[in-house]
Structure formats: structure tokens, C-alpha cells
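Structural description and commentary
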Amino acid sequence: MEELKTELKEKIIEALNLEDMSVEDINDTDMLFEEGLGLDSIDALELIIILDKDYGIKLTDSKDGKKIFQSIETMAQYITEHRTK
Amino acid sequence: MKEKVAITGMGIVSAIGMNAEENFLSLKDNKHGISKIAHIETTLKDKILVGEIKKSNQELESLLNLPSKNNFSRSSMLGAIAAKEAVQSAGISTDGNTSIGFINSTTVGGMDMIEKYYRDFLDQEELQHYIEVHDAGSNTDLIAEHLGIQGFVTTISTACSSAANAIMLGAKMIQSGRLDQVIVGGMDGLCKFTINGFNTLMILSDTYNQPFDDQRKGLNLGEGAAYLVLESEASYQKRNKKPLAYLKGYANANDAFHQTASSEQGDGAYLAMKSAFEVAGMKPEAIDYVNVHGTATPNNDLSEGRAMIKLFDQKVPDFSSTKPFTGHTLAAAASVEAVYSIFALRENLIFPSLNFQNKMEEFDLTPQQELKEKEISAVLSNSFGFGGNCSSLIFVK
Amino acid sequence: MERCYINGMGCISVQNTFEGNFLEHPIVYSDTNIIYAVKPNYKAFIPPAAIRRMSSGVKNSIVASALAIEQAQVNELDGIITGTGMGCIQDSEKFLEKMIDFNEEYLTPTSFIQSTHNTVSGQIALKLKCNAYNFTYVNTGGSFPSALLDGLMQIKNEGKNNILIGGIDEIADYTFKLYQTIGHIKKDNEESYHILESRSEGCVGGEGSTFFVLSNEKQDQTYAEVLDAHLVNKLKKEQLEGFINNFLQRNNMNISDVDAVVLGNNGDVNFDTYYDEAERLFKSNSDLLYYKHLFGEFMTAPSIAVWIASNVLKEGKAPSVLYKNNEKGSDSIKTVLIYNQYRGKDHSLTLLKNV
């Protein structure tokens, strides 16, 4: 799980071009959206592609992302339970 | 309040017809043009429905009598067909005409040809003539050349409100005395770039689009082109031409909320409509029918609905979205719907909003679901696009 | 009818045009046919959360527009109007290449959203929370002149106070390679970097973002007054004289009233002949100024010409580097005419005077 969390942080920094951030700057329970990391709805769509491409999880409704992408913690949890690759 | 601008000609191609008459009959007879993709190779073929024009590029080329080596994109062929019809219906000649203006709009430009040949261009010389029509303006130029226009020519690209803005600029060019006649409108052919782009935004429906329905799943992309001929009073009177209708109000405003999404309360939409009424010197209650933007995305319909409720102070007039017929034709949408608004004025008919089943839970708005006959003297038409770009037009008899 | 003044400008180009004095230390590019903009410090102007999605053209435009607004000291804009020939072509390329090379799989929305032609005007509105009129023109060489004409009409005819206009184009590698392939841009190894002596086809490709605040009120820092603007898509060389004369006449002027003319020579032997004809018309009366030997060519280069004309009118004279062979010219330039065409199309005229 810890490994997956670090992996997710790296992927998010790369996919969302968070140039000034490093893995250490993101805590597992930090809110990813709004006041937390400040991500927005476009970023959510980017995260949906990460789920699909790297973990074989397909979301068809962008609203489903809301719960899953609350924090690194919730993301890692969901991926562990649903991953197909 | 400004001098109203006459509309003396119109032309259109869309998924429901290759000219104005065909479009009108389809609207009247509830014949929509939404289907699976036939003319584009894409992996999304079986996943989405589109409003495609049922003609191949070769068929469009022969309709226009183009030489075998030409560099028309699909968009510019659709544009040329519709523009020609507009000019004919206005009864004017464009060949060598230096006083008529042409204001086009597009989001796609020559992208369909670029995406098709992108990796082959460098080593296949016979394809390279398509490189120079990548940019939007070069596509406008092909049409201008085809029609023989030599004068004021420009192109606007403001996403899905593009053609409304072309119409607006045309009106201003006439009102400021810079032009007497101007062809205005927009064009966009379907291409892989746009289909995939909208797909990444997860706003494409896998079924028939349902504007203002509680269960709406998103839009169907469409393709098409439509143009109006705008003319000053002095000009149409001199040649004894009877206008089809008048453009009385117009406005553009920015939502300044998000790059792609509309604000929850539809601030930009409200402002655009409100300012259009100011330009027209009219009150909202004078409107008999609203041709809404109504893309059937969850976001658009909610904010547009709220903006209308605010603008009309709860008393929203009859309204419908014609996108279930044509799909969302992007840059062309506002001119396609301008033509439909003129049909509504001419025939005293409101065209139905197809596929509607249940009211949205957020408000009490039901679009017109069947063809309705009633006296129509003023129509409001909305078009909103990415970048917060909101435009409204008011047409009168 | 109101008057239209240029009260603020911001220019990011292949020259250092965003700080220092007007073309005091011009950079001479002598070994490449594609030249890139000198980058300002983006982070001073754009918050990190916003910057991460922006291509260089968008970033340059945010900075250039901020500079123009700051100079003009305006709090509220009545319109934001941009012109761009190729639009946000870097993001178009990015999305297109992913789509083609990965067979439409795993595409993400960011570059698609950013590729939209009206990205810059929308972003500026978003940044300023500006609900006003917002337009983007995309008509090859006529893109910026259209934006200028729209802005001019809003100030002169529609009672607006302050309108931001801008011209934007950015270099994208593959697309520029394609333009080199078809001879629109000179080939890599082709020595014709000194465009005023060029004997070959194609131009030296550049990029830039140049913004202006047009206002109905003259202020201390006002650069110039815009009198009129006009464009047509097509013109034969023989028609140029009539085109220019008609335009000047409608502004109650003739050729001898123009102190300096800014010409768009770009070293393309196929089309510089239009400028030869303009030179013939003006050479006995007016100073002849050039700029694309310093700035390169791109579809919205006429915005650079307006930036140059405005500076020249404010100072009353032009630096020698803008004259052919570094000659010297008048030191009381009061009226400037800009003539531009792009590959023989989109002929535009802009008339400015000092204040």
C-alpha cells in the first residue's frame, strides 16, 4: 500500500505538471481538490485516465471520481480493491 | 437601440438536409439526423452517436465541382455549399465582388486533413498541399475564392458560440457603415480531433441527446455549415429585395468562471441575453420562442436554465433545443440555429425538443415537445462555448 | 465619434521588448531560420496553479497583456479581443500526436482544452474576472488586423472606454517543420537570414504575443492615436496603389501626408514584391521602416508593427536598425501607415498618428 501511495504521488505530479512539488509535499490524507492540493475538474479527468491506463479501472461517469479522488489514501484504497492490472 | 439589420439570404447544410428546404421539412416532420459514424475511421465508432452529413468527401467535392487536386477540408466544403445557397437566396452575385464582406467562423479549420496525413506529409509530396490549409483562415479563404469574393474577409473562433459572433460582427460592420452586404456564419466538419477531445471531457452521450432532461447524458457532436446574408436598409431597398427577417439584438459576454464549464447560475449566459435585449431595445416578454443552446450536457442545461429563469423572471417562454435533430455543430451551431429561428418566424412554428422525458429536478422547465403553431414575432437564440464565451441573438419579423 | 488611443502596450517577442528602451540592444539572429521568443519571468505574473497547463504562447500572452494593462492603468476592460493565426498550436500538436501515435487510447483533456483558439482571451477573462465582450479572430495574416478593427470600432462607434487587443502566435516544432517542407519558412541550411537581401522563397519564422489597451481618453503615457484600420483578402499588385489611396482619402490624407510607412518585408522573394510596390509609392516622401529582419515572420506579426509604430510616434523618430542599411531618417515622425500582407493575401492597413 505504501508503495502504491508513493507511486500515485509521482504519477499525479507528472500528469498534472505540478512542477514545484515533490512526493514529500503531499500527505496521504491531504485533500486533493479545492483547499488541499487545489486540483480542479480537468485534473479529475486526468486522474480517471491514470486509473484506466495504469490500473485497468474504467469509470464511465466523471462524478464517480469525487469520492475516489478525495485523497491519496482513498485513491490507493480504491485501486487496491478494484485494480485489474 | 441601433438600426436593425436585414437578413436577405440564408443557406445551410446539416445532418438533416443539404439545403434550407430539406432542413425545414426534417424539422417539421420530426426527422432527426443522429446516427453512428460512417465517414470517419475512429475507435469510438460504436460508442457514440453523431449528427453526420451523409455524404463522403468525394461526394462533396463533386457537388462543388472541385478539381481533383484541391485542398478543401471537409469543413470548407460544407461551408462553400451553404455559403453558395445563402448568396443565391439573397439574389446577389459574388464573383469579383469587392464590396461584399465575408465573416466566417470555425473551430476545426483544416484539422481533418492534418490528422489524416500528419505522419505522411514529410515524405509524400502529393499530400503537402493540405499543409497550408491547417490554419482556420486559409479555409475561409478557399470559400472566398470559390465565391469570387475580394474584400473584407475574416474568421472568428470562439468555440461553440463562433457563428453567433460572426453574425454579431457582421451587424456591427453594417451599422458602422463599413459594409452594405455581408455573408456571416460558421462551419465545422466532424473530425477525429474534436470527437476524441470531447470524449476526454466525458460529455459525449452514447445515446440520443436529451436537452433539459433530468437523465441527460451529454451531447452528440454534429457537423454542418450555415450562413446568413446581412444587408443594410439602403442596400436591400435599392434592389427591391424583401428581407426574410431582421437581426435586432446581439451581445457577447464572458462567464469568467472556468475554461470549459459554465458557472452554476449561468452568469455569462444571463449577461449575454440581458445585453442583447438592451441592444434591441426590447423587453424579454416580447420573445415568443427561445432556441436554446441546450447541448444536453449536465452542466450547460442547468446553467442555461437558471439564467433563463432569472432573465424571464420565472415566465420562460416556449423554448426548444434543435440539437437532437442536428447534433452540436460547434462553430456552426449558432448559424444553423439562426436559420431555424428564421424558419420559426417565417412559418409561425416552434420546432420540438426531441427525446425529452423528465423535467430536471433543479427547476420547473419543460421544453416544447411537439411541433407548435403560433404567431411568432421575436426569437431569442443562445450559443455558449468554451472559454466562458456566451452569445445571444434576437431575430424579429 | 470618439477617438481611439493606445494607452498601454506589452510585447513578448524574439527581441527583448518587455524591458529596457525601445530596441536599444537589438538581437541579430544570423544562423537560424526559426527564432524563438525571449522569455520573461513567467512566475512573476502567473500563479503556479495556473501556469502548469500553459504553453509558451499562452504564458507570453498573459505577461504581455498584464504589462499593457498595467501601463494603461485601467481597472476595468470593456472587451478582450485577440487575433491568432495558428492558435494554440503547441497543444494541438500534443493532442494530435498522442491521438495518432497511441491510436486514440488514454487521451487526456488538458491539451485539447488548451488547444482551443480562444484559450488566451478566455484565460485573460478568467484571470481578471472580466465578463465583458470576448472575441478571437483566426484569419491568417488578417487575424490581428481584425482584432484591431473590432477594438477600434468599439471605441469609436460603440462608446466603450477600454478594450484590450492582442496578437498571438507560438512556434510548434512539427508544424514549423511542415511549413519548412512546403517552403513557407526557409529551410534550416538555407542562408538568407538577412531578409532584406534575400533571394529565396519562404520567410524566417518567429513568434510573439503583443497586447495593447485601446482607450477613448488620452493620458500622459499615451503612445499614439489609431485613426483607422482596414483589411481585404485579395489584391493584385497593380491594385495596391488604389487600395492605399482610397484608405488615406477616407481619412482626409494622401500619400505625402505619411511620415513613415512600416513595411512587412520578410525575405520571401515570391511576395516581397508587394512591398517593393509600396516602397515605390512612398519612397520620395516617407521614411521606410522594416522590422521582420529583427522579429521574424508569423501570422500575427502586424501586432509587432503596431508596437513599433506606437514607439516611433511617441519618440518622434525610429532607431536606425529599422531603416534599410541602417540609414537615418526624420526626427519628427507624426503619422505612420502600416502595410502588411501574408503570402500575397490578407492585405491590411493601419493608420496611426502622434498625440
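1. Remarks on the overall build of chain B
Within chain B one finds 12 helices and 14 strands. For 397 residues, the compact-globule formula gives about 21 Å, and the C-alpha radius of gyration of chain B, at 20 Å, lands near that figure. Across the 397 residues in chain B, those meeting the buried criterion constitute 71%. Within chain B, contacts between residues separated by at least 24 positions form 77% of all contacts whose residues are at least 6 apart in sequence. Total accessible area on chain B is roughly 12,700 Å²; 45% of this is exposed by carbon and sulfur atoms. A gap of 4 Å separates the mean positions of the 35 positive and 47 negative side-chain charges of chain B.

2. Digging into the packing of helix α6 (residues 162-175) of chain B against helix α12 (residues 333-347) of chain B
All names here are of chain B. Remark: α6 packs on α12, axes separated minimally by 5 Å, with the N-to-C direction vectors making an angle of 70°. Comparing the axis directions of α6 and α12 gives the class roughly perpendicular. Between α6 and α12, the contacting residues are Ala-163, Ala-164 and Ile-167 on the first element and Ala-334, Ser-335 and Ala-338 on the second. A breakdown of the residues in the contact of α6 with α12 according to their chemical character gives five nonpolar, one polar and no charged.

3. Some remarks on the packing of α6(B) against helix α6 (residues 143-157) of chain C
Contact geometry of α6(B) with α6(C) gives a least axis separation of 12 Å together with a crossing angle of 55°. Relative to α6(C), the element α6(B) is oriented oblique. Crossing of α6(B) over α6(C) shows left-handed handedness. For the pair α6(B) and α6(C), contact is made by B:Leu169, B:Lys172 and B:Met173 and by C:Leu149, C:Asp150, C:Met153 and C:Gln154, respectively. Residues that form the contact of α6(B) with α6(C) fall into these classes: four nonpolar, one polar and two charged.

4. Description of the packing of aromatic side chains
Per the counting criterion, the structure on display carries 25 aromatic pairs over all chains. Seen in terms of ring centroids, C:Phe135 and C:Tyr137 are 6.0 Å apart; in terms of plane orientation they differ by 50°. Their pairing is tilted. For C:Phe135, a relative accessible area of 0% gives the class buried. Pairwise contacts between aromatic rings join B:Phe193, B:Phe198, B:Phe386, C:Phe95 and C:Phe112 into one cluster. Lying across the ring of C:Tyr174, B:Arg119 places its NZ or CZ 5.3 Å from the centre. Its end group placed over the ring of C:Tyr274, C:Lys237 keeps NZ or CZ at 5.2 Å from the ring centre.

5. Brief notes about the pairing of strand β7 (residues 224-231) of chain B
When a strand is regular, its side chains alternate between the sheet's two faces. All names here are of chain B. Taking burial as the measure, the eight residues of β7 include eight buried ones, the bulk of the element. The alternating pattern of β7 places Gly-224, Ala-226, Leu-228 and Leu-230 on one face and Ala-225, Tyr-227, Val-229 and Glu-231 on the opposite face, and all of these are buried. The pairing of strand β1 (residues 5-13) with β7 spans seven bridges and is antiparallel. Paired with Ile-12 across the two strands is Ala-226, which belongs to β7.

6. Notes on the environment of B:His146
Residue and element names in this part refer to chain B. On the secondary structure map, His-146 appears in helix α5 (residues 136-147). Along the sequence, His-146 and Leu-66 sit 80 residues apart, while their C-alpha atoms lie 9.3 Å from each other. In contact with His-146, not counting residues within four places along its chain, are Leu-64, Leu-66, Phe-72, Ala-80 and Lys-84. Among the polar contacts made by the side chain of His-146, one reaches the side chain of Lys-84 at a distance of 3.1 Å.

7. Some thoughts on the pairing of strand β13 (residues 378-385) of chain B
All names here are of chain B. Burial analysis of β13 places eight of its eight residues in the buried class, which makes it a mostly covered element. Side-chain alternation along β13 places Ala-378, Leu-380, Asn-382 and Phe-384 on one buried face and Val-379, Ser-381, Ser-383 and Gly-385 on a second face that is also buried. The pairing of strand β9 (residues 289-291) with β13 spans three bridges and is classified as parallel. Pairing of Tyr-289 across the sheet is with Val-379, part of β13. As defined by bridge partners, β13 adjoins strand β14 (residues 389-396) across eight bridges and the pair is classed as antiparallel. The residue bridging Gly-385 from the neighbouring strand is Asn-389, located in β14. Counted between consecutive antiparallel strands, the loop separating β13 from β14 contains three residues, among which Gly-387 sits at a positive phi close to 75°.

8. Concerning the domain arrangement of chain B
All names here are of chain B. If you check the domain split of chain B, you get domain 1 (5-238) and domain 2 (249-396). Its C-alpha centre places domain 1 at a distance of 21 Å from the equivalent point of domain 2. Of the roughly 4,800 Å² buried between domain 1 and domain 2 on both sides combined, carbon and sulfur atoms contribute 71%. Of all residues in domain 1, the largest losses of buried area upon contact with domain 2 belong to Leu-27, Phe-212 and Arg-216, amounting jointly to 19% of the total for that side.

9. So, the interface of chain C and chain B
The interface is formed by 67 residues belonging to chain C together with 64 residues belonging to chain B. In total, about 5,500 Å² of surface goes out of reach between chain C and chain B, with carbon and sulfur atoms giving 59% of it. Summed over the three residues of chain C that lose the most area to chain B, namely C:Glu104, C:Phe112 and C:Asn233, the buried surface amounts to 12% of that side. At the boundary of chain C and chain B, one finds five salt bridges. The closest approach of N and O atoms between B:Lys172 and C:Glu158, which form a salt bridge, is 3.1 Å. Counting across the interface, chain C meets chain B through 29 residue pairs in polar contact (both at pLDDT 80 or more). Of all the secondary-structure elements, those providing two or more residues to the side of chain C that touches chain B are α3 (89-101), α4 (109-115), α5 (119-128), β3 (133-137), α6, α7 (173-181) and β6 (224-234) of chain C. It is α3(C) that contributes the most residues to the side of chain C that touches chain B, nine residues altogether. Split by residue class, the side of chain C that touches chain B holds 29 nonpolar, 25 polar and 13 charged.

10. Side note on the domain arrangement of chain C
Residues and elements named next belong to chain C. The domain architecture assigned to chain C consists of domain 1 (4-215) and domain 2 (224-353). Each of domain 1 and domain 2 has a C-alpha centre, and these two points are 21 Å apart. Facing 54 residues of domain 1, the contacting portion of domain 2 comprises 43 residues. At the junction of domain 1 and domain 2, the tally comes to zero salt bridges. Joining domain 1 to domain 2, the criterion identifies 15 residue pairs in polar contact (both at pLDDT 80 or more). Secondary structure elements with two or more residues in the side of domain 1 that touches domain 2: β1 (4-12), α6, β4 (162-169) and β5 (208-215). Element by element, the count of residues in the side of domain 1 that touches domain 2 is highest for α6, at eight residues. Per-class residue counts for the side of domain 1 that touches domain 2 are 26 nonpolar, 22 polar and six charged.

11. Brief notes about α3(C)
Between its first and last C-alpha atoms α3(C) spans 18 Å; for 13 residues at 1.5 Å apiece the expected length is 18 Å, and the two agree. Restricting attention to buried positions, one finds in α3(C) the residues C:Ile89, C:Asp91, C:Ser92, C:Glu93, C:Phe95, C:Leu96 and C:Met99. In this structure, the buried residues of α3(C) make contact with α4 (111-117) and α7 (192-200) of chain B together with α4 and α7 of chain C. Backbone geometry just after α3(C) places C:Asn103 at a positive phi near 50°.

12. Considerations on the environment of B:Met111
Here B:Met111 shows up in helix α4. Counting along the chain gives 38 residues from B:Met111 to B:Ser73, while the straight-line C-alpha distance between them is 7.8 Å.

13. Topic: the nonpolar core
Counting residues in each nonpolar core, the largest one holds 107 residues, and the members touching the most others are A:Phe69, B:Ile183, B:Leu221 and B:Tyr227. Counting residues per element, this core draws most heavily on helix α3 (residues 74-90) of chain B, which supplies nine residues. Of all hydrophobic cores here, the second largest spans 100 residues; its members include B:Ile174, B:Ile350, C:Ile81 and C:Tyr323.

14. Considering the interface of chain B and chain A
Often the size quoted for an interface is simply the accessible area lost on bringing the parts together. Residue-level contacts link five residues of chain B with eight residues of chain A. Buried area between chain B and chain A, both sides added, is near 470 Å², and the carbon and sulfur share of it is 70%. Interface area lost by chain B to chain A is led by B:Leu201, B:Met202 and B:His258, which between them contribute 78%. Connecting chain B to chain A are zero salt bridges. One can count one residue pair in polar contact (both at pLDDT 80 or more) joining chain B with chain A. Across the side of chain B that touches chain A, the residue classes tally to two nonpolar, three polar and no charged.

The rules behind the values
- Residues numbered from 1 in each chain as written.
- Chains lettered and ligands numbered in written order.
- Predicted model: local features only at pLDDT ≥ 70, side-chain atom pairs only at ≥ 80, totals over all residues.
- Heavy atoms only, no water.
- Helix = DSSP H or I, 4+ residues; strand = E, 2+ residues; numbered from the N terminus.
- Rg over C-alpha atoms; globule rule 2.2 N^0.38 Å.
- Buried < 20%, exposed > 50% of the residue type's maximum accessible area, 1.4 Å probe, protein only.
- Contact = heavy atoms within 4.5 Å.
- Areas by Shrake-Rupley, 256 points an atom, 1.4 Å probe, with all protein chains shown as cover.
- Lys, Arg positive; Asp, Glu negative; His and termini not counted.
- Charge placed at Lys NZ, Arg CZ, Asp CG, Glu CD.
- Axes fitted to C-alpha atoms, helices over the stretch in contact; angles between N-to-C directions.
- Parallel < 35°, antiparallel > 145°, perpendicular 65-115°, else oblique.
- Nonpolar A, V, L, I, M, F, W, Y, C, P; charged D, E, K, R; others polar.
- Left-handed = near helix turned anticlockwise from the far one by under 90°.
- Phe/Tyr/Trp six-rings, centres within 6.5 Å; stacked < 30°, edge-to-face > 60°.
- Lys NZ or Arg CZ within 6 Å of the ring centre and 35° of its normal.
- Pairing = 2+ DSSP bridges.
- Polar contact = N/O pair within 3.5 Å; in protein donor to acceptor, adjacent residues only side chain to side chain.
- Domains from an automatic or database assignment.
- Buried area = accessible area lost by both parts, 1.4 Å probe.
- Salt bridge = Lys/Arg side-chain N within 4 Å of Asp/Glu carboxyl O.
- Expected span 1.5 Å × (residues − 1).
- Core = buried A, V, L, I, M, F, W, Y, C linked by side-chain atoms within 4.5 Å.

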